[in-house]
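# Commentary on secondary and tertiary structure
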Amino acid sequence: MKKISLPVYRSQPDRFEKLKTLGEESRYDVCLSSCAGGRAPDPRDPAHRWIYPAALPGGGIVPILKVLLSNACRNNCFYCPNRSANDRPRSSFQPEELASSFMALYRARRVHGLFLSSGIYDQPDRVMDDMVKTADILRRKYQYKNYLHLKILPGASPGAVGEVCRLASRVSLNLEAPNPERLAEIAPDKNFSEDLLKRMNWAAFLIKDGARARTQTTQFIVGASGESDREILTTTDDLYRSLHLHRAYFSAFQPLPHTPMENLPPASLVREHRLYQADWLLRFYHFRLDELSFQPGGNLSTEMDPKLAWARKHPEIFPIEVNRAEYEELIRIPGVGIRSAERIIQARRAQGFSDPDDLRKLRISLKRAAPYILVNGKTVKFQPSLFVEPEGVL
Ligand code: SF4
């Protein structure tokens, strides 16, 4: 990504300062894993602290400006430094000011999209009205047609949700916790069913009905409310099936200074990673939630990925003969992903596999797959490498 050209703002230092403040504060609302490949912005570059690579709904990755309309908030979420009880400088954009600031970056080709969220400095609809005005200025006055991600605020009215879905490319509303009891532990001002889930339902209906917004996402803070992975994945699975949620993001809790949770331990990044792996199994590998293995406390194992854990629990299914296995069987083999399964099926149409090396040529990880496959009726002997291979997604 190119470095931001600060001269874009040389004539408007106040505006640059505001963008810097409200862009940096948006990181508290950030799920870094939503950035392509988990790449975080470069913290050494001040401007890049608020520009993120993001995956677009239709595919492709572009740098986007992620910014708050305001960091003032009347709520008191325990994990958030922008909570009202925190005595800190507050800053806000006017809609035209933010729209023109974004357009300056966009025209300078520094960003290709905008992700706009906000603290709730007034009634939710009053704040959403300012967000909608910003989006409307971009769409109508500046004829901006590219990626625009708008956050739906908790408690927004059906009309406000409708306006956001009319203008945005993607919308999101962060649940943060998997159920009402857990949310009450960390965000006492928000009602899980009324303020959040009901709004997500409205957005899902509008998206299905052909709104401009094509997808809806949400985020959970992992490890903030004492919740288990089972609780998070149960809610996630339910959202995929009932609301056709595009995807859920999982963000390991990090205690932030000047919050009531600042002395709590951070959540493990391995735990976050395992949740993403389990989520992939649900979304792309046709796993059912009840096929995932949870430990007695309800968490996934941090020691092994959930697909390997499933394979070890089902010795009756393995080894699988790669020359005859159906696609659905192939994607259950540890080390064989979606692309690998497709490559296997395509390659064997021309000629069956007679040797494990045939699979190596297809870039199949024999280190992981060997105990679970047969090649032409023979088990595969695998000589571990002296070099440690990084663990793949699946
Ligand atoms: S609603 Fe909660 S998380 Fe959002 S800005 Fe306000 S205090 Fe922070």
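See the structure shown above.
Residues numbered from 1 in each chain as written. Predicted model: local features only at pLDDT ≥ 70, side-chain atom pairs only at ≥ 80, totals over all residues. Heavy atoms only, no water.

Before going further, it helps to spend a moment on the overall build of the chain. Assigned secondary structure in the chain consists of 13 helices and 10 strands. Looking at the chain as a whole, 54% of its 394 residues qualify as buried. (Helix = DSSP H or I, 4+ residues; strand = E, 2+ residues; numbered from the N terminus. Buried < 20%, exposed > 50% of the residue type's maximum accessible area, 1.4 Å probe, protein only.)

Where helix H2 (residues 95-107) meets helix H3 (residues 124-141), the closest approach of the two axes is 8 Å, and the angle between their N-to-C directions is 45 degrees. Classified by the angle between their axes, H2 and H3 sit oblique to one another. The way H2 lies across H3 gives a crossing that is right-handed. Contacts between H2 and H3 involve Pro95, Glu96, Leu98, Ala99, Phe102 and Met103 from the former and Asp130, Lys133, Thr134, Ile137, Leu138 and Lys141 from the latter. By residue class, the composition of the contact of H2 with H3 is 7 nonpolar, 1 polar and 4 charged. (Axes fitted to C-alpha atoms, helices over the stretch in contact; angles between N-to-C directions. Parallel < 35°, antiparallel > 145°, perpendicular 65-115°, else oblique. Left-handed = near helix turned anticlockwise from the far one by under 90°. Contact = heavy atoms within 4.5 Å. Nonpolar A, V, L, I, M, F, W, Y, C, P; charged D, E, K, R; others polar.)

Looking now at the site of the ligand. The environment of the ligand is made up of Cys73, Asn75, Cys77, Tyr79, Cys80, Arg83, Gly119, Ile120 and Lys190. Of the residues assigned to the shell around the ligand, the class counts are 5 nonpolar, 2 polar and 2 charged. (Near = heavy atom within 4 Å.)

Okay, the pairing of strand S3 (residues 113-117) next. If a strand is regular, its side chains alternate between the two faces of the sheet. Of all 5 residues in S3, 5 are buried; the element is thus mostly enclosed. What you see with S3 is no split at all: Gly113, Phe115 and Ser117 on one side and Leu114 and Leu116 on the other are buried throughout. Across 4 bridges, S3 lies against strand S4 (residues 147-151) in parallel orientation. Bridge assignment links leucine 114 to a residue of S4, and that residue is leucine 148. A crossover links S3 with its parallel partner S4, the connecting element being H3, and its sense is right-handed. (Pairing = 2+ DSSP bridges. Right-handed = clockwise from strand over helix to strand, strands pointing away.)

What follows deals with empty space enclosed by the protein. One pass over the structure, following the stated rule, counts 2 cavities of 30 Å³ or more. Reported here for the second largest cavity is a volume of approximately 30 Å³. Around the second largest cavity sit Ser293, Leu300, Ser301, Met304, Asp305, Pro306 and Ala309, which together line it. Of the residues assigned to the lining of the second largest cavity, the class counts are 4 nonpolar, 2 polar and 1 charged. (1 Å grid on protein atoms, 1.4 Å probe; cavity = no way out; pocket = protein on both sides within 12 Å on 5 of 7 lines; lining within 4 Å. Points joined across faces, edges and corners; volume = space filled by probe spheres on them.)

The next point concerns the packing of aromatic side chains. Inspection of the entire model under this criterion finds 9 aromatic pairs. Here the aromatic rings of phenylalanine 102 and tyrosine 144 are separated by 5.1 Å at their centres, their planes lie at 85 degrees, and the arrangement is edge-to-face. Here phenylalanine 102 is found in helix H2, whereas its partner tyrosine 144 is found in the loop between H3 and S4, with 42 residues between them in sequence. In this structure, phenylalanine 102 and tyrosine 144 share a single accessibility class: buried. Taking 5.1 Å as the distance between ring centres and 75 degrees as the angle between the ring planes, the aromatic pair formed by phenylalanine 318 and tyrosine 372 counts as edge-to-face. Highlighted residues: phenylalanine 318 in the loop between helix H9 (306-313) and strand S8 (320-321) and tyrosine 372 in the loop between helix H13 (366-369) and strand S9 (373-375), separated in sequence by 54 residues. Of the two residues, phenylalanine 318 and tyrosine 372, both sit in the buried class. Put simply, the rings of Phe287, Trp310, Phe318 and Tyr372 touch in pairs and so form one group of aromatic residues. (Phe/Tyr/Trp six-rings, centres within 6.5 Å; stacked < 30°, edge-to-face > 60°.)

Here the focus is the pairing of strand S2 (residues 61-68). With 7 of 8 residues buried, S2 is to be regarded as a mostly interior element. Across 5 bridges, strand S1 (residues 51-55) lies against S2 in antiparallel orientation. By the bridge assignment for S2, tyrosine 52 is matched with isoleucine 64. Two elements, S2 and S3, share 5 bridges in a ladder whose sense is parallel. If you follow isoleucine 64 over to S3, its bridge partner there is glycine 113. Taking the sense of rotation as the criterion, the β-α-β connection linking S2, H2 and S3 turns out right-handed.

Let us look at the sheet that holds S9. What the 3 strands build is an open sheet, ordered S8-S9-S10; its pairing is mixed. The sheet is open, and its two borders are formed by S8 and strand S10 (378-379), each paired with just one other strand. Pairing analysis gives 2 bridges linking S8 to S9, with the strands arranged parallel. Looking at S9, one finds that glutamate 321 is bridged to leucine 374.

Applying the stated rule across the entire model yields 17 salt bridges. Arginine 166 is the partner of aspartate 136 in a salt bridge, and the nearest nitrogen-oxygen pair spans 3.9 Å. In this pair, aspartate 136 sits in helix H3 while arginine 166 sits in helix H4 (residues 158-167), placing the two residues 30 residues apart along the sequence. Take aspartate 136: its relative accessible area is 17%, and that puts it in the buried class. The partner of aspartate 305 in a salt bridge is arginine 368, with the nearest N and O atoms 2.7 Å apart. Of this pair, aspartate 305 sits in the loop between helix H8 (269-284) and H9 while arginine 368 sits in helix H13, and the two are 63 residues apart along the sequence. For the pair aspartate 305 and arginine 368, one class covers both residues: buried. The network of salt bridges with shared partners includes Asp136, Arg140, Glu163 and Arg166. (Salt bridge = Lys/Arg side-chain N within 4 Å of Asp/Glu carboxyl O.)

Moving on, we come to the sheet that holds S2. Taken in spatial order, the 7 strands of this open sheet run S1-S2-S3-S4-S5-S6-S7, and their pairing is mixed. Of all the strands in the sheet, just S1 and strand S7 (247-252) have a single pairing partner and so form its edges. Taking the axes of each pair of neighbouring strands and ignoring which way they run, one obtains an average angle of 30 degrees across the sheet. Of the strand pairs in this sheet, strand S5 (residues 170-172) and strand S6 (residues 215-222) are connected by 3 bridges, and their pairing is parallel. Following the sheet pairing, serine 172 is matched in S6 by threonine 217.

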